[in-house]
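# Geometric and topological summary
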Amino acid sequence: DGGITQSPKYLFRKEGQNVTLSCEQNLNHDAMYWYRQDPGQGLRLIYYSQIVNDFQKGDIAEGYSVSREKKESFPLTVTSAQKNPTAFYLCASSSKGLAGRNEQFFGPGTRLTVL
Amino acid sequence: QKEVEQNSGPLSVPEGAIASLNCTYSDRGSQSFFWYRQYSGKSPELIMFIYSNGDKEDGRFTAQLNKASQYVSLLIRDSQPSDSATYLCAVVPLMNRDDKIIFGKGTRLHILP
């Protein structure tokens, strides 16, 4: 059963703590992405990776870090430097198909709340 | 800055009518266009993609692309209450070396029973 999984579904963080959100895919996709979505807002790109052991900053990378040690996995760490981390975090993946025809598929998301 | 614009809504449509959602984009060379549906509290789900000018139909959904006017639309025929959701338009820019997609902020659709 192919797909993208994210865990946990809900996460509560105390101020000053680092937390790591998990994202795993078994679609054999090369590219993976992390987005943040705030209430009533669009998707904002945090980090993305086109290949193992390589990743690039998106539009709002400050206060976040990632790793891509395996093709299937792209964990996101929300550090204490992120001033307002409460949001809905979405992981996505896409294959490198025909030029431009790389639709993204999303995991179920993790809702992070800072207490 | 490449942009994708959508009316935020809410767009209210009676059950059984046609819902029409519109999206404009700034990068004239954009090559791929997607529509995602997002229910409240859930993640986006890809429902349509279109690459060429014209119409593409899939069940009750029709995507329309007009590259000359730089707009893409989504028509939902025989609207159902289950179609109530936010619809995100997404565009792949011309120089897409890094596999990124530009998302609009979405249009909230409300189907009135």
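Quick look at the structure, then. (Residues numbered from 1 in each chain as written. Chains lettered and ligands numbered in written order. Predicted model: local features only at pLDDT ≥ 70, side-chain atom pairs only at ≥ 80, totals over all residues. Heavy atoms only, no water.)

### Remarks on the overall build of chain B
When helices and strands are counted, chain B shows zero helices and eleven strands. Over its C-alpha atoms chain B spans a radius of gyration of 14 Å, differing by no more than 12% from the 13 Å that the globule rule assigns to 113 residues. Taken over the C-alpha atoms alone, chain B extends approximately 45 × 30 × 20 Å along its principal axes. Looking at chain B as a whole, 46% of its 113 residues qualify as buried. (Helix = DSSP H or I, 4+ residues; strand = E, 2+ residues; numbered from the N terminus. Rg over C-alpha atoms; globule rule 2.2 N^0.38 Å. Buried < 20%, exposed > 50% of the residue type's maximum accessible area, 1.4 Å probe, protein only.)

### Considering unusual backbone geometry
In this model, Ser7 of chain A is joined to Pro8 of chain A through a cis peptide bond whose omega is -5°. Examined against the element boundaries, Pro8 of chain A turns out to sit in the loop between β1 (4–7) and β2 (10–13). In the segment running from Gly9 of chain B into Pro10 of chain B, the intervening peptide bond is cis, with an omega of 10°. If you check the backbone angles, Asn53 of chain A has positive phi at about 65° while not being a glycine.

### Here we look at a nonpolar patch on the surface
A cluster of nonpolar side chains, contributed by Tyr10, Phe12 and Leu115 of chain A, occupies part of the molecular surface with about 390 Å² of accessible area. Secondary-structure assignment places Tyr10 of chain A in strand β2. (Patch = residues over 30% accessible without salt bridge, like charges linked within 9 Å, V, L, I, M, F, W, Y side chains within 5 Å. Areas by Shrake-Rupley, 256 points an atom, 1.4 Å probe, with all protein chains shown as cover. Salt bridge = Lys/Arg side-chain N within 4 Å of Asp/Glu carboxyl O.)

### Let's talk about the sheet that holds strand β3 (residues 19–25) of chain A
All names here are of chain A. Pairing is antiparallel in the open sheet, where four strands are placed in the order β1-β3-β8-β7. Strands at the two margins of the open sheet, each flanked by one partner only, are β1 and β7 (64–66). Here the strands of the sheet are splayed against their neighbours by 20° on average, with no regard to which way each runs. (Pairing = 2+ DSSP bridges. Axes fitted to C-alpha atoms, helices over the stretch in contact; angles between N-to-C directions.)

### Some thoughts on the pattern of salt bridges
A complete count under the given rule lists six salt bridges over all chains for this structure. When the shortest N-O distance is used, the salt bridge between Glu57 of chain B and Arg77 of chain B registers 3.4 Å. Highlighted residues: Glu57 of chain B in strand β6 (residues 54–58) and Arg77 of chain B in the loop between β8 (71–76) and β9 (85–92), separated in sequence by 20 residues. Judged by its relative accessible area of 59%, Glu57 of chain B is exposed. Among the salt bridges present, the one from Arg60 of chain B reaches Asp83 of chain B, with a minimum N-O distance of 2.9 Å. Here Arg60 of chain B, found in the loop between β6 and β7 (61–66), pairs with Asp83 of chain B, found in the loop between β8 and β9; they are 23 residues apart in sequence, far enough to count as distant. Judged by its relative accessible area of 2%, Asp83 of chain B is buried. Here the residues in one salt-bridge network are Arg36, Asp38 and Arg44 of chain A, joined through shared partners.

### Re the nonpolar core
Counting 23 residues, the largest nonpolar core has Trp35, Val72, Leu74, Ile76 and Tyr87 of chain B as its most contacted members. For this core, the secondary-structure elements that each account for two or more residues are β3 (19–25), β4 (32–38), β5 (45–50), β7, β8, β9 and β11 (107–112) of chain B. Excluding residues within four positions of it along the chain, Ile76 of chain B makes contact with Ala17, Ile18, Ala19, Leu21, Arg60, Phe61, Asp83, Tyr87 and Leu109 of chain B. Formed by 20 residues, the second largest nonpolar core is a distinct cluster that contains Val19, Ile60, Val66 and Phe74 of chain A. (Core = buried A, V, L, I, M, F, W, Y, C linked by side-chain atoms within 4.5 Å. Contact = heavy atoms within 4.5 Å.)

### Structural notes on the pairing of β6 of chain B
Residue and element names in this part refer to chain B. Pairing analysis gives five bridges linking β6 to β7, with the strands arranged antiparallel. Residue pairing across strands places Glu57 opposite Thr62, the latter belonging to β7. Hairpin geometry of β6 and β7 is characterised by an intervening segment of two residues between the two adjacent antiparallel strands and by a positive phi of about 65° at Gly59.

### Observations regarding the state of the cysteines
Two cysteines, two sulfur atoms, one covalent bond between them: this is a disulfide. A full pass over the atoms with the stated rule returns two disulfides over all chains. Residue pairing for Cys23 of chain A: its cysteine sulfur links by disulfide to Cys91 of chain A, the two sulfurs lying 1.9 Å apart. An S-S torsion of about -75° defines the bridge between Cys23 of chain A and Cys91 of chain A as left-handed. Within this pair, whereas Cys23 of chain A is found in strand β3, its partner Cys91 of chain A is found in strand β9 (residues 87–94), the two being separated by 68 residues in sequence. Between the sulfur atoms of Cys23 of chain B and its disulfide mate Cys89 of chain B the distance is 2.1 Å. Torsion about the S-S bond of the Cys23 of chain B and Cys89 of chain B cystine: about -75°, corresponding to left-handed handedness. Of this pair, Cys23 of chain B sits in strand β3 while Cys89 of chain B is found in strand β9, placing the two residues 66 residues apart along the sequence. We note that Cys23 of chain B, like Cys89 of chain B, is buried. (Disulfide = S-S within 2.5 Å.)

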